[in-house]
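# Summary of structural features
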Amino acid sequence: MDFCRSQNRKHPSKHNKKRLNPEQVRLLERSFTSNSKLEPERKLQLAEQLGVPPRQVAIWYQNKRARWKTQSLELEYNVLHQELENALVEKRRLEKDVERLKGELAKAQEKVLALNQTGSAQVSCTSISFDEAAGSSKKGEGFPLDQDFYACLIGENGSSWD
């Protein structure tokens, strides 16, 4: 029985532990903001200021660093997750553009093949040029081509390639 009492004195229950009040926590938070590592001198100074054992200050710092690290990881995860979502949206948009352009290319190839098979088509494409405005496109739109270029591809008024 004597053994049990001596064990209890060495390991007091958690209820005897002094909780920090809000003012003490604010002081520790300010100290942590200025330096997340606790130097031995600073630990003793804070313990004296707060009226708590130095070990309690050290444990508070250790717990705070663990919480801070977890919060930092959560923030980094959220940023990376948002970047991934944005990249996936952009990928889907580009895939749609590729499919649309493949369709346009297939149509143009069919028309060129049809013109080559007739052998009578003649088109002069020397006057066709792109200006800066025609070369620019808005997000979500394809490359704007003017009617002269299409006329060059498919022939003007039924004429054939050079």
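Residue indices begin from 1 for each chain and proceed along its sequence in written order. For a predicted model such as this one, the threshold for reporting local features is a pLDDT of at least 70, and the threshold for listing and counting side-chain atom pairs is 80 or more; totals across whole chains, interfaces and linings nevertheless cover every residue. Side-chain metrics rest on all non-hydrogen atoms present in the structure, leaving aside hydrogens and water.

- The name given to the protein in an unreviewed UniProt entry is Homeobox-leucine zipper protein, and the organism recorded there is Carya illinoinensis.
- UniProt positions are given in the numbering used here, feature names are shortened, and annotations may be inferred rather than shown by experiment. As stated in UniProt under Sequence similarities (unreviewed entry), the record for the protein gives "Belongs to the HD-ZIP homeobox family. Class I subfamily."
- According to the UniProt record, the Function (unreviewed entry) comment for the protein is "Transcription factor."

### Digging into the overall build of the protein
- A tally of regular secondary structure across the protein gives 6 helices and 0 strands.
- The secondary structure elements of the protein, listed N-terminal to C-terminal, are α-α-α-α-α-α.
- Relative accessibility decides the category of a residue: with a 1.4 Å probe and only protein chains considered, values under 20% of the type maximum give buried, values over 50% give exposed, and everything between is partly exposed. Classification of the 162 residues of the protein by burial places 16% in the buried group.
- Note on contacts: a residue pair qualifies if any of its non-hydrogen atoms lie within 4.5 Å across the two residues. Here the analysis covers contacts within the protein between residues at least 6 apart in sequence; of these, 63% occur between residues at least 24 apart. Put simply, DSSP H or I for four residues or longer makes a helix, DSSP E for two residues or longer makes a strand, and each gets a number counted from the N terminus.

### Considering the side chain of Q56
- As for its position among the elements, Q56 is in helix α4 (residues 54-118).
- Q56 has contacts with K18 and L20, leaving out every residue within four places of it along the chain.

### Topic: α4
- Expected span, for any helix, means 1.5 Å times one less than how many residues it has. Between its first and last C-alpha, α4 extends 95 Å over 65 residues, near the 96 Å set by a 1.5 Å rise per residue.
- Within α4 the residues assigned to the buried category are Q56, V57, A58, W60, Y61, K64, D97, A108 and L115.

### Focus: the environment of P53
- Tracing the backbone through its elements, the reader meets P53 in the loop between α3 (40-50) and α4.
- Accessibility expressed as a relative area gives 47% for P53, which makes it partly exposed.

### A closer look at α3
- The set of residues buried in α3 consists of L46, A47 and L50. The buried residues of α3 all sit within an arc of 100° when viewed along its axis, so they share a single face. Those residues of α3 that are exposed and aimed more than 90 degrees away from the buried face are E41, L44, E48 and Q49.
- Buried residues in α3 make contact with α2 (22-34) and α4. As used here, the arc belongs to the directions running from the helix axis to the C-beta atoms.

### Side note on the packing of aromatic side chains
- Any Phe, Tyr or Trp ring, taking Trp's six-membered ring, that has another such ring centre within 6.5 Å forms a pair; planes under 30 degrees apart are called stacked, those over 60 apart edge-to-face, and the others tilted. Tallied over the full model, the rule gives 3 aromatic pairs.
- Aromatic ring contacts, followed pair by pair, group F32, W60 and Y61 into a single cluster.

### Examining the packing of α2 against α3
- α3 packs onto α2 with a crossing angle of 160° between their chain directions and a minimal axis gap of 11 Å. One way to sum up the angle between α2 and α3 is to call them roughly antiparallel. In the crossing of α2 with α3, the sense of the turn from one axis to the other is right-handed. Of the residues in α3, those in contact with Q24, L27, L28 and S31 of α2 are R42, L46, Q49 and L50. In this analysis, axes come from line fits to C-alpha atoms, helices being fitted only over the stretch in contact, and the angle between any two N-to-C directions falls in the range 0 to 180 degrees. Angles below 35 degrees are treated as roughly parallel, those above 145 as roughly antiparallel, those between 65 and 115 as roughly perpendicular, and all remaining angles as oblique. Two helices that cross are described as forming a left-handed crossing if the nearer one is turned anticlockwise from the farther one by less than a right angle, and a right-handed crossing if clockwise.

### Quick word on the nonpolar core
- Definition used in this section: a nonpolar core is a set of buried Ala, Val, Leu, Ile, Met, Phe, Trp, Tyr and Cys residues joined via side-chain atoms within 4.5 Å. L27, L28, F32, L38, L46, A47, L50, V52, V57, A58, W60 and Y61 form the largest nonpolar core, which has 12 residues in total.
- Of all the elements in the fold, those that place two or more residues in this core are α2, α3 and α4.
- In terms of residue count, α4 provides more of this core than any other element does, 4 residues in total.

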